[in-house]
Structures are given as structure tokens and as C-alpha cells.
Amino acid sequence: MAELRGALIGCGFFAVNQMHAWRDIEGASIVAICDRDPERLKVVGDQFGITRRYTDAAALFAGESLDFVDIATTAPSHRPLVEMAARHRVPAICQKPFAPTLADAKAMVTACSDAGVPLMVHENFRWQSPIQAVRAVLDSNEIGTPFFGRISFRSAYDVFSGQPYLATGKRFIIEDLGIHSLDITRFLLGDVSTITTRTARINPNIAGEDVATMLMDHKSGATSVVDCSYATKLATEPFPQTLVEIDGSDGTIRLEQNYRLTVTGRNGTAVSDVSPPLLPWALRPWHNIQESVVAIQKHWVDCLANGTEPATSGADNLRTLALVEAAYAGAASREPVQLDALL
Ligand code: NAD
Ligand code: 89V
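The paragraphs below set out a description of the structure included in this document. Model, not experiment: these values are computed from the prediction. (Residues numbered from 1 in each chain as written. Chains lettered and ligands numbered in written order. Predicted model: local features only at pLDDT ≥ 70, side-chain atom pairs only at ≥ 80, totals over all residues. Heavy atoms only, no water.)

## Quick look at the site of ligand 2
Selection rule: Whether a residue is near a molecule or strand depends on its heavy atoms: it is near if one of them lies within 4 Å of it. Two N or O atoms form a polar contact when they lie within 3.5 Å of each other; inside protein one atom must be a possible hydrogen donor and the other a possible acceptor, and for residues adjacent in sequence the pair counts only when both atoms belong to side chains. The protein chains shown are the only cover counted for residues, whose accessible areas, like all others here, come from Shrake-Rupley with a 1.4 Å probe. Throughout this entry, Asp, Glu, Lys and Arg are counted as charged residues, while Ala, Val, Leu, Ile, Met, Phe, Trp, Tyr, Cys and Pro are counted as nonpolar. The remaining residues, Gly among them, count as polar.
Close contacts around ligand 2 come from K96, F125, V159, Q163, D176, H180, Y230, W286 and I289, and that covers them all. Within the contact set of ligand 2, an oxygen atom lies 2.9 Å away from a side-chain nitrogen or oxygen of Q163. Between H180 and ligand 2, the recorded distance is 2.9 Å, taken from a side-chain N or O atom to an oxygen atom. Protein chains shield 94% of the accessible area of ligand 2, which is 270 Å² for the free molecule. Residue composition of the shell around ligand 2, by class: five nonpolar, two polar and two charged.

This is the structure in C-alpha cells:
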């Protein structure tokens, strides 16, 4: 198969990981880049040897013949850029959060499905190898039917120096980080019927909430708790590890700090190290996230080659984004929120 020709739109902080990953992946390459900031365009273009550079996305679509675009801008620009891709019949990957509102996200899904173009949200946390290892244990039926889950991300890591915009938005941890944890709870325990949420802001120097606790009823009958915090100072900083507890009818799964996986089930107890590999270009502690970027981008190339729907398609991600919207509504009202009413 001929190599897929891709373009990256948005050459900021996180896009550098995506560019490294594209360089590692067979079957696709980035032939052009776009950023409205000429300085970022130069930094990324020079680092990755990309000479075809655009400061305007419309000019990129007009000037290039593309098999896909990888949109790595922040949320406010996602809808116009995805709709532009749909108008040009170019398959699109869009970073999370997919859109500022669920209404925008629904319009983006409709635009792509009407145009017949594939759309994937870059929701990469479920692609982290430790999370995939938990999914594999569930699939093996070692712990029977899950009835409880806890997906936990608690840290005091300074995310604001790399991503200053995170300190200024009215919404913070649920929209930026909790969105990954909510997607993981869906990935492990299935879709959710009801969510109850409490939030707090501990750091006085930011605008949004930096602590959130969410209790969910899953359609399967399981209950889960997603808890996340950027105000939790621990003896050993775990960033950016997601810890997982799942209890099933025949056993338990514990994914603990330092990627230690303990499974107690039908065959007794097994402890393993599910640390992600440290890719040559990766930097600790981000290597866990960086590895998942390669995994999700490979998945996209496979999906385009085979004509299959990405696991985190736009349509799938509406259910994760609905959880974000429901969490904020429930935090404000202090009432449980039904998910089906939003979808
Ligand atoms: P950033 O601000 O560093 O980079 C965004 C870039 O997009 C900037 O260079 C900006 O000039 C450019 N841009 C914005 N609008 C544009 C437009 N209309 N046309 C062309 N260029 C435009 O942001 P970031 O920290 O790299 O985050 C980007 C996205 O990635 C966010 O949605 C963020 O939530 C997400 N993110 C995801 C992960 C993950 O693990 N999946 C991790 C970090 C960030
Ligand atoms: O994954 C993310 O979206 C990042 C971070 C891990 C820092 O929250 O914004």
C-alpha cells in the first residue's frame, strides 16, 4: 500500500510527541504542517525536516493533496478545523477534548459522517500499555464479572508550566485530565447510565477545579469511582500514572504505582510489571503517555488501511464527552445526572 500523506495542524507542546510517533510508524508520514504561530511552525518544521509549512489551515487544504489531517490544536479550534477537513473529504484525527461542548461535538460527527470521512479522537490514555494489560485480564475472565471499579489519578505535578492555558480556563481537571479517566472507565466497565460529581479548587492560583470525584452507575450493573486531583502531594510523585482497582465475582485487579499489576483470580495471585517501554525519543515521566501516542496513531493507520472504525471514533467519544458535560452539570447542581438524556 502507498504511504498515507498526512498533515499536522497545531505545532504546540503536545504535537511534538505526535510528530515523533509519526516518524516511527510505517505506512504514513507527515508531508506538511500548519500553525498560525510562525515561531512554532519553524521549531517543529526544523526539528522534523518538514519544508511544506502553512500559517493558515484553509491554505493547507487548498495546497496539499492529503490522505488525513492530525489536528493538535486546543479545543476552541477543533470544530472549524474538523468541519474544514470534512468539506475537503479528508479523514481527520482530532485531539481531546474533542470540542468545548457536546453540541459542537455532535455537529462534528455529523459533518464527517455526511461527508463519508473517518474521524478519530486522539483519546490515547486507553492505549497506554498498563491500561491495555488491565483490559486483557478482564477479557481473560480471570476475575469473573466486574462489579466495582476505581480509576484514580492523583498528583501534584506542575502541568501549568508546559500547558499554561490549563491555569486560566473556568474548567480544568475534568475537561483536561478527568476526560481520560472517564474514557478509561468506559473502556474497562462499559457505558454509564448515571454520574454524581463533587469538585474543589485547592490551588488558589488557577481558575478551574483541580479536584474531582465522580461516582458512576454502569449499564452493566457495575459501580465505579473516578477520582482525580492535581492538589495531592505524595511521597513519590506518580504523574502521569492512572491507578486502577477492579473487583469481580471471582477476583480482583490492582494496577498500582510503578506499574505493578496484581491479579487475584481463578488461578491464584500473579504479580507483574507492566511498565511501558521507554521509546528512544521519550522522556520520563511522560514515556507512558508518549508510548500511547504511537499506539493510537498506529491504530489510525490500520483503520484507514482496513476501512474499520477507530476505537475512539468521533461517535464513540460523544459518550466520553457527555460524561464530562454531565460531571460539570452534576457538580453545579449536586444532583446525579442521567447520561442518556444528553446523547
Ligand atoms: P499548545 O497551545 O501548546 O499548542 C496548540 C498549537 O495550535 C499552538 O501552537 C497554536 O498556535 C496552534 N493553533 C491554534 N489554533 C490554530 C488554528 N486554528 N490553526 C493553526 N494552528 C492553530 O497546546 P498543547 O498543549 O499542545 O495542546 C493541544 C491539544 O492537545 C489540546 O487539546 C490538549 O488538551 C491536548 N493534549 C493532549 C494530550 C494527550 O495525552 N492526549 C496531552 C497534552 C495535551
Ligand atoms: O493528557 C493530557 O491531556 C495532559 C495532561 C496529562 C498534562 O493532563 O493535558
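Let's pick the thread back up.
## Points about the side chain of E64
Using the following cut-off: Each helix is a run of H or I in the DSSP string that is no shorter than four residues. Each strand is a run of E no shorter than two, and both are numbered from the N terminus. Contacts between residues were defined by any pair of non-hydrogen atoms, one from each residue, lying within 4.5 Å.
Looking at the secondary structure, you find E64 in the loop between helix 3 (57-63) and strand 4 (68-71). Within the structure, E64 has its side chain in polar contact with the side chain of R52 (distance 2.6 Å). Polar side-chain contacts of E64 include one of 2.5 Å to the side chain of Y54. Leave out the neighbours within four places in its chain, and E64 touches R5, V31, A32, R52 and Y54.

## Some remarks on the environment of S140
Note that S140 resides in helix 6 (residues 129-140). Among the polar contacts listed, one links the side chain of S140 to the backbone oxygen of V137, at a separation of 2.6 Å.

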